[in-house]
Amino acid sequence: MNESPAPQRPSPTRAVLVTHTHWDREWYLSVEETRFRLVELIDRLLAVLEAEPDYHSFWLDGQTIPIEDYLVARPERAQALQQRLRQNKIRVGPWYVLADELLVSGEACIRNLLFGRQLARACGQTPTVGYAPDDFGHIDQLPQILRGFGLDNAVFWRGYSPDQIDVAETLWSGRDGSSVKAVCLVGGYSNARGITADLDATADRLDAQMENLKRYCGSGVLLLMNGIDHALPLAGVAEVIRKIEARYPGLSVRHGSVEDYLELIADAHAKGRPLSGELFQVAALDGCLSNRPDQKRLNRLLENRLAHYAEPLALLAGRITEAIPPSLIERAWKLLVKCHPHDTICGCHADPVARDMVARLERGLEIAAETEARAIPALLGCRHGAGPAALPCQIALFNPLPWPRDEIIELDLPLPPHSGDLRLSDAAGQLLPSRILKVRPGYHSEFHDFKIPTRTPCNVTRVRFEARRLAPMAVSVITVTAAPRAVMNIMDTGSKTEGATGLATLASPTNILENARLRATVHADGSLDLLDKRSGTFLPGLNQLRFEADRGDLYRFAPSLEGEVTAIASGDVTRTDDTALCQAVRVRATLNVQGQSIPVRIAIALPGDKGRLEITVDFENTARDFRLQAAFPVPAAGTALAHTPFSLSPRRPAPPLETALCDRGERLRINTVSQPMHYMAAFDLAGGQSLALLNRGLYEYTWENPHQPCLTLMRAVGKITTELAGHEAGSGQCPGPRSFAYALAVCPTEAPHLALREAFEYNLPPAAHPLFGPPARTPEEGFEFLNPHWMPAAFKRSEDGTAHVLRFWNASEGDQEGVIRLPPAYSQARLARLDETPIRPLTVRDRALSLSAKPFEIVTVLLA
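Note that the structure is predicted; figures quoted are calculated from it, not measured. (Residues numbered from 1 in each chain as written. Predicted model: local features only at pLDDT ≥ 70, side-chain atom pairs only at ≥ 80, totals over all residues. Heavy atoms only, no water.)

J.: Give me the overall build of the protein chain: which residues, what numbers.
T.: Secondary structure assignment for the protein chain yields 14 helices and 50 strands. Relative to the 2.2 N^0.38 estimate, which gives 29 Å for 864 residues, the radius of gyration of the protein chain is 28 Å and therefore close to what a compact globule would have. The principal-axis extent of the C-alpha atoms belonging to the protein chain is close to 95 × 60 × 50 Å. Counting over 864 residues, the protein chain shows a buried share of 60%. Put simply, 75% of the contacts in the protein chain that link residues at least 6 apart link residues at least 24 apart. (Helix = DSSP H or I, 4+ residues; strand = E, 2+ residues; numbered from the N terminus. Rg over C-alpha atoms; globule rule 2.2 N^0.38 Å. Buried < 20%, exposed > 50% of the residue type's maximum accessible area, 1.4 Å probe, protein only. Contact = heavy atoms within 4.5 Å.)

J.: I'd like a rundown of empty space enclosed by the protein, residues and numbers included.
T.: Tallied over the full model, the rule gives 12 cavities of 30 Å³ or more. Considered as a void within the structure, the largest cavity measures approximately 220 Å³ in volume. In this structure, the largest cavity is lined by 18 residues; those nearest its centre are Ser105, Gly106, His308, His643 and Tyr679. Secondary structure elements with two or more residues in the lining of the largest cavity: α4 (106–122), α10 (293–317), β31 (636–644) and β43 (790–797). Of the residues forming the lining of the largest cavity, the biggest block, 5 residues, is contributed by α10. (1 Å grid on protein atoms, 1.4 Å probe; cavity = no way out; pocket = protein on both sides within 12 Å on 5 of 7 lines; lining within 4 Å. Points joined across faces, edges and corners; volume = space filled by probe spheres on them.)

J.: Please set out the sheet that holds strand β10 (residues 275–276) residue by residue, giving values where relevant.
T.: What the 5 strands build is an open sheet, ordered β4-β5-β7-β6-β10; its pairing is mixed. Because the sheet does not close on itself, it has two edges, and the strands there are β4 (131–132) and β10. Strand direction decides the pairing type here: β4 and strand β5 (residues 153–156), joined by 2 bridges, are parallel. In the strand pairing of β5, Tyr131 is matched with Val155. (Pairing = 2+ DSSP bridges.)

J.: Would you mind going over the sheet that holds strand β25 (residues 566–567) in detail, with residue names and values included?
T.: What the 6 strands build is an open sheet, ordered β25-β24-β30-β39-β38-β35; its pairing is antiparallel. What marks the edges here is a single partner per strand, and that holds for β25 and β35 (675–676). In the sheet, β35 pairs with strand β38 (residues 700–705) via 2 bridges, with the strands oriented antiparallel. Following the sheet pairing, Gln675 is matched in β38 by Tyr701.

J.: Go over the packing of α10 against helix α11 (residues 326–337) with me, naming the residues and quoting the values.
T.: Between two packed helices, the angle of one axis relative to the other and the distance separating the axes together describe the packing. Running from amino to carboxyl end, α10 crosses α11 at an angle of 165°, the nearest separation of the two axes being 11 Å. Taken together, the axis directions place α10 and α11 in an arrangement best described as roughly antiparallel. Once α10 is placed against α11, the crossing between them reads as left-handed. Residues Asn299, Leu302, Glu303, Leu306, Ala307, Ala310, Glu311 and Ala314 of α10 pack against Ile329, Ala332, Trp333 and Leu336 of α11. The residue inventory of the contact of α10 with α11, partitioned by class, reads 9 nonpolar, 1 polar and 2 charged. (Axes fitted to C-alpha atoms, helices over the stretch in contact; angles between N-to-C directions. Parallel < 35°, antiparallel > 145°, perpendicular 65-115°, else oblique. Left-handed = near helix turned anticlockwise from the far one by under 90°. Nonpolar A, V, L, I, M, F, W, Y, C, P; charged D, E, K, R; others polar.)

J.: I'd like a description of the nonpolar core, backed by residues and values.
T.: Counting 196 residues, the largest nonpolar core has Phe156 and Ile820 as the members making the most contacts within it. Looking at which element gives the most residues to this core, the answer is α10, with 11 residues. For Phe156, the residues in contact, after removing those within four places along its chain, are Ala132, His138, Trp172, Ala182, Val183, Cys184, Leu185, Leu275 and Leu279. Ala630, Leu685, Leu713 and Ala716 belong to the second-largest nonpolar core, a separate cluster that totals 53 residues. (Core = buried A, V, L, I, M, F, W, Y, C linked by side-chain atoms within 4.5 Å.)

J.: Break down helix α13 (residues 351–379) for me, citing the residues and quoting the values.
T.: Since the α-helix advances by 3.6 residues per turn, residues separated by three or four positions end up pointing in the same direction. The terminal C-alpha atoms of α13 lie 42 Å apart, and with 29 residues this matches the ideal 42 Å at 1.5 Å per residue to within 8%. Where α13 terminates, the next one or two residues include Gly381, which has phi positive at roughly 75°. (Expected span 1.5 Å × (residues − 1).)

J.: Give a detailed account of the pairing of strand β50 (residues 858–863), specifying residues and quantitative values.
T.: For β50, a buried count of 6 out of 6 residues is recorded, marking the element as mostly surrounded by other parts of the structure. Neither face of β50 is open: one carries Ile858, Thr860 and Leu862, the other Val859, Val861 and Leu863, and all of them are buried. In terms of strand pairing, strand β44 (residues 804–810) meets β50 through 6 bridges, oriented antiparallel. Residue pairing across strands places Val805 opposite Leu862, the latter belonging to β50. With 4 bridges joining them, strand β46 (residues 829–832) and β50 adopt antiparallel strand pairing. Residue pairing for β50: Ala829 is matched across the bridge by Leu863.

Okay, here's the thing in structure tokens:
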């Protein structure tokens, strides 16, 4: 890291030498391969602590999972390890794993700290350091999250530029105004690595680092971090310190901990130039936002299924049945969080790590899916998997969002052969518009108490219908019966005759999609012109697919500056749906690149009366070393908001800053400044409107040209770095079928919460489950937020098991008062910190909880 000079100040007189390791659980080696190094590390550490009674402590990188990983291999050493942990000779926490902040959800970040605190307490420790040494950037809500766990400091590297700080010890304030004492690890977490008692042979790097550390030291105390990735513990520290003090006269050095250092500089932070907001601009690492896209999509899917479906449903059903043990939900969360270390979720790893990560995510999804399949019938008094496929039947719908909504839903419904067409009605008996999309032969499994499941032939019927006024955070029931021929409208799609109830063909032009809110004209290359009818905003030429060569690696995107961008070659537009339920077209185009023609399918749909246009891009990837983006030329105002964990983060265009010559003679761009997002980014337009780019499992956009933000669909590269090229990473080229889903919406610039609600609805569709056998219970009411700025985060069991936890955040720059309608089971509420420490009681009257949330505040409520 190249630091700019800071103002001259008196030379530091004290230093704390922290012996540590930076522990990458998996990276160029798998967890199992790395475990051997971990065993060697802790075995040696225990021996050093035994041989050197005055050895102060060893910092195990701010995480607790190395303890679990070590004891898998050395269970016989649990007592010896526990003794050293309770003596604080080995220090752990506050995290379970050192996660990347930009690519994981806010709720996953909180669970990471909860798991870390749980394990640290079991080791007899209460962590006090907000350590984040190797994240590839920092979110603007980390100060509030740390404060919510009683941590008043953040010790970190990266994300800030040298001209943002004048001293290493400063203050950092987050999106909500929360502030923590910040320590910028000038020179990184390894500024004193590799030194030994033979200091003359190992001090060249330390000499250079000392000058840099002194320039940025505002407290008079230096933090010397003696360790690096997978470093083994330094023995003979007392002799090393004597050599350091002899080499640097006037400097008093002590062997200590990060906590010791923070105590010594407790009053120094207010003197430095403060930091605020996001710290995400990290050159040569921002390519991690879009590599290995399938892993990132699975991660988003599991985060959503756990936080918004499986866990809330298991909690609600727990009042009726004990069929879903809480430990299974915790297991799924841990499988997820184990995928969040920066070298894992960031995709900059070897292929065995990729396989392990996908396996963990898929196991977590299996737990989530089975939880939903059991909890929803339990809430309705039904048995999971009961009953033969027959008509009439029911469809149970769970709306995970705390506001009522209308939604177009598709699901596979197992039905008897020759069941004909269908009639769907809601609980009030109102007929719902529906359409059979496809019928294929299949099997239905019925579960029994005393024999294995029976499989009977059935028609698997793909049905689309409109569900209206779905109850907030609750289950609704749709009844399915055979439809009389009199209400049928037969349509032929070319493959199979299909039926539609209460629908008529709109006879729209082939390439025009239109409802009461939007009108889209689709072109043969997949681009489109969009008109928002409410505001009159017209945006031509959106969704231009762009392909460009990538000479980088799994960490960084590096296009040749002489290279050209390849556009998609035009093909044909085919109408695939034309009813009030959905209007859709399919574009078949071609990508002519690297001497081959790759067919690309672009499906564009306008569901019902929704205000979003949904796009899916599919192709069979046979190309290598490229980046694929969708460009959106707009009359941009130069400002934007991006959804990030618990935040809408303000953004501006970020053109590339640096170029370099690579070893092949090509001029490459080495700082692309990709910008992170989660559910959406909304770009301000002239005229008081914004174009929102919603997505499912995409995390990157670039905004080099102020008038053309680009949504990155994927990067395909096949090496970790040149230095690690011996470790196979070929699956990073992402061969085979690829699919990407995103959507467009136009919203008022002054009401970004409306675009965010649209993004939540796009990411969190209602869960639909067929039921065979009438429900024995009436669905209970769920939670309803009566303030549109409040966004849900979690509904979970408290860590001590005595209450239920409801968490949300205020997506507004102003204070927001509102009411939460509670389910009948709850009559008491307490405000709490993020770590679930109670703060004060709240008043509940007639199931209404009234409270106020500060700008971008994360609110945690304990319910009983």
